[in-house]
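Residue-level structural notes
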Amino acid sequence: MKKFNIAVIGLGYVGLPIYIAFRKKFPVIGFDTNLKRIDSIKRGSDFNKQITKEELINKKINVTNNFKNIIDCNVFIITVPTPIHINKKPNLNNLIKSSKIIGSVLKKNDLVIYESTVYPGATEEICVKILEKESGLKLNKDFLCGYSPERINPGDKKRSLEKIIKITSGSNRKALKLVDFLYSKIINAGTFPVSSIKVAESAKVIENTQRDINIAFMNEISIIFDKLDINKYEVLKAANTKWNFLDFKPGLVGGHCIGVDPYYLSFKAKEMKIDPRIILSGRKINEDFSTYIYQRIKKIIESQFKKNYGISILFLGYTFKADCPDTRNSKVLKVIDKLNKNFKHINAHDPYADNNILVKKFNKINFLKNIKKIKKQDVIIFMVDHSEFKNNGYNHYKKYLSKEGIIIDIKNLFKNNKNYFKL
């Protein structure tokens, strides 16, 4: 393949940065079925807040929602979301639809690269079969396939796409060589070629599964030490003085990676008649931790206010992680929703989040775009450690507090102050 004409399929958290990076080196077109997303990018706006307006307002920006516009491409990079169903089983609908679209335009000698998180074997067992059926072509005879798992970390300005090592794999040696060459042009940190697509899929799915298990352990010991009335933060600080202690912290695990990927691996394990006990135990601990946080907050409020049903509560931050606008699978929202059943006046503010969907889903919660005119609150709860909160400082938000009001901080943003409770 002497000349690369690339199409990036899916322009979300993963796809748009990939598109921007490749645009600097090759002819590339971005494709997404979401017309609102296409229009937003064309206007120079990335509501995921990963790509700047300056990068998007450029005559070379070429994005579309019409699959006919990608027919002339010979490299297709698929970066669509792979969530889970309500029963916790893998939801591959986006991947299947994308594979059908690519299959309909696939030609001889084309290369298809998948980046979406899947369980080991899914790319070849599901996606490639669809490509072959839709195109009438055969893998490694007529077209090639690769897998290079995404490692985008939303909200992380230090570890951008170019600074993270990229795993590369291919359906044969030729495919691997092409995939590795392409990514080597945009990844300054370098690439890490592996022997097969299954190895690359497996490496990706265990990255977040390992993190999920480690956080689950921290959450479990957090509950134990709270019951024993031992300062868990001091315990962790002391333990961390040993060179091989892993520096994980307790917290709410949400989002579309850590809270999802373990279910992909456990699904495949069960298919192989293996009981993934550690993986699923870790998942259950982290899923249940929002209930524990809710109970802790409720207990603090009830201990401070005798007549507490009518008090006003302001939650600060409800995205799934710091400095990120994504609210998908946010366990913070789960905590807020639980407390909404106990208290009458619930307000919530997040400088990063888009409230449109949330207003409909949680219609009894008052989502505020601006808190400058809010009346004095009896309780202010810091839920997410956004940079804006830390930069503004404790005293900036104290002015929104009533005379007898209290502040609760689940992420330890600030040092202890009067009327301050740290979970």
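Structure: see above.
Right, let's walk through the structure included here. (Residues numbered from 1 in each chain as written. Predicted model: local features only at pLDDT ≥ 70, side-chain atom pairs only at ≥ 80, totals over all residues. Heavy atoms only, no water.)

Quick notes on the sheet that holds strand E1 (residues 6-9)
Keep this limit in mind: Being paired, for any two strands, means DSSP has found at least two bridges between them. Each helix is a run of H or I in the DSSP string that is no shorter than four residues. Each strand is a run of E no shorter than two, and both are numbered from the N terminus. By definition in these notes, contact holds between two residues if any of their heavy atoms fall within 4.5 Å. Each axis is a line fitted through C-alpha atoms, and for a helix only the stretch in contact is used; angles between axes span 0 to 180 degrees, taken between their N-to-C directions.
Reading across the sheet, the six strands line up as E3-E2-E1-E4-E5-E6 and stay open at both edges, with parallel pairing between neighbours. Pairing within the sheet leaves two strands with one partner each, and these edge strands are strand E3 (63-64) and strand E6 (144-147). Note: strand E5 (residues 111-114) against E6, four bridges, orientation parallel. The residue bridging Val112 from the neighbouring strand is Cys145, located in E6. Running at roughly 165° to strand E2 (residues 28-31), helix H1 (residues 15-23) makes contact with E1, E2, E3 and strand E4 (75-78) of the sheet. The strands touched by helix H5 (residues 122-135) within the sheet are E5 and E6, with E5 carrying the most contacts at an inclination of about 140°.

A word on the pattern of salt bridges
Cut-off, in case you're wondering: Here a salt bridge means any side-chain nitrogen of Lys or Arg lying within 4 Å of a carboxyl oxygen belonging to Asp or Glu. For every residue, the accessible area obtained with a 1.4 Å probe (protein chains only) is divided by the maximum for its type, and the residue is called buried under 20%, exposed over 50%, and partly exposed between those limits.
A complete count under the given rule lists 18 salt bridges for this structure. Glu125 serves as the salt-bridge partner of Lys268, at 3.4 Å between the closest nitrogen and oxygen. Of the two residues, Lys268 is situated in helix H9 (residues 261-271) and Glu125 in helix H5; the sequence distance between them amounts to 143 residues. Classification of Lys268 as buried rests on a relative accessible area of 14%. Residue classification places Glu125 among the partly exposed residues on the basis of a relative accessible area of 39%. Here Arg283 and Asp212 are joined by a salt bridge, their closest N and O atoms 2.7 Å apart. Residue Arg283 is located in helix H10 (residues 277-304), and its partner Asp212 is located in helix H7 (residues 197-227); the two are separated by 71 residues in the primary sequence. Assigned by exposure class, Arg283 and Asp212 land together as buried. Because the salt bridges share partners, they merge into one network encompassing Asp212, Arg283, Glu287 and Lys331.

Some words on the pairing of E1
Residues Ile6 and Val8 of E1 are buried on one face, and the alternating residues Ala7 and Ile9, pointing to the opposite face, are buried as well. With four bridges connecting them, E1 and E2 associate as parallel partners. Bridge pairing in E2 places Ala7 opposite Ile29. One ladder, built from four bridges, connects E1 with E4; its direction is parallel. Looking across to E4, one finds that Ile9 is bridged to Ile78.

As for the packing of H5 against H7
Going by this rule: In these notes the angle categories are as follows: under 35 degrees is roughly parallel, over 145 is roughly antiparallel, 65 to 115 is roughly perpendicular, and the rest is oblique. The residue classification treats Ala, Val, Leu, Ile, Met, Phe, Trp, Tyr, Cys and Pro as nonpolar and Asp, Glu, Lys and Arg as charged. All others, Gly included, are polar.
Remark: H5 packs on H7, axes separated minimally by 9 Å, with the N-to-C direction vectors making an angle of 110°. Regarding the angle of H5 to H7, the classification is roughly perpendicular. Judged by residue contacts, Ala122, Thr123, Glu124 and Glu125 of H5 engage Ile197, Lys198 and Glu201 from H7. A per-class count over the contact of H5 with H7 returns two nonpolar, one polar and four charged.

Focus on the packing of aromatic side chains
Rule in force here: Whether two aromatic rings pair depends on their centres lying within 6.5 Å, for rings of Phe, Tyr and Trp, where Trp uses its six-membered ring; planes under 30 degrees apart make the pair stacked, over 60 edge-to-face, and the rest tilted. Lysine NZ or arginine CZ positioned within 6 Å of the ring centre and within 35 degrees of the ring normal marks a charge as sitting over the ring.
With the rule as written, the count across this model stands at ten aromatic pairs. Their ring planes at 45° and their centres at 5.3 Å tell us that Tyr119 and Phe267 sit as a pair that is tilted. Taken as a pair, Tyr119 in the loop between E5 and H5 and Phe267 in helix H9 lie far apart in primary sequence, 148 residues in all. By relative accessible area, Tyr119 is classed as buried at 6%. The class of Phe267 is partly exposed, set by a relative accessible area of 22%. Relative to Phe367, the ring of Tyr318 lies with its centre 5.2 Å away and its plane at 70°, an arrangement referred to as edge-to-face. Placement of the pair is Tyr318 in the loop between strand E9 (312-316) and helix H11 (331-340) and Phe367 in strand E11 (residues 366-368), with a sequence separation of 49 residues. Like Tyr318, the residue Phe367 is buried in the burial classification. Its end group placed over the ring of Tyr183, Lys166 keeps NZ or CZ at 4.5 Å from the ring centre. The ring centre of Trp243 lies 5.3 Å from the NZ or CZ of Lys242, which sits over that ring.

Considering the pairing of strand E12 (residues 377-382)
In terms of residue burial, E12 counts as a mostly covered element, since five of its six residues are buried. Two elements, E9 and E12, share four bridges in a ladder whose sense is parallel. Bridge assignment links Leu316 to a residue of E12, and that residue is Phe382. With five bridges connecting them, E12 and strand E13 (residues 401-409) associate as parallel partners. Within E13, the position partnered with Val379 by the bridge is Ile406.

Let's talk about helix H4 (residues 93-105)
Defined as follows: Under the convention used throughout, the expected extent of a helix is 1.5 Å for every residue step, that is, one less than its residue count.
With 13 residues, H4 ought to run about 18 Å at 1.5 Å a step, and its terminal C-alpha atoms sit 19 Å apart, in line with that. Those residues of H4 lying buried are Leu95, Ser98, Ser99, Ile101, Ile102, Gly103 and Val105. As for H4, its buried residues are in contact with E1, E2, E4, E5 and H5.

Fair warning: the whole summary comes from geometry, so function is off the table for now.
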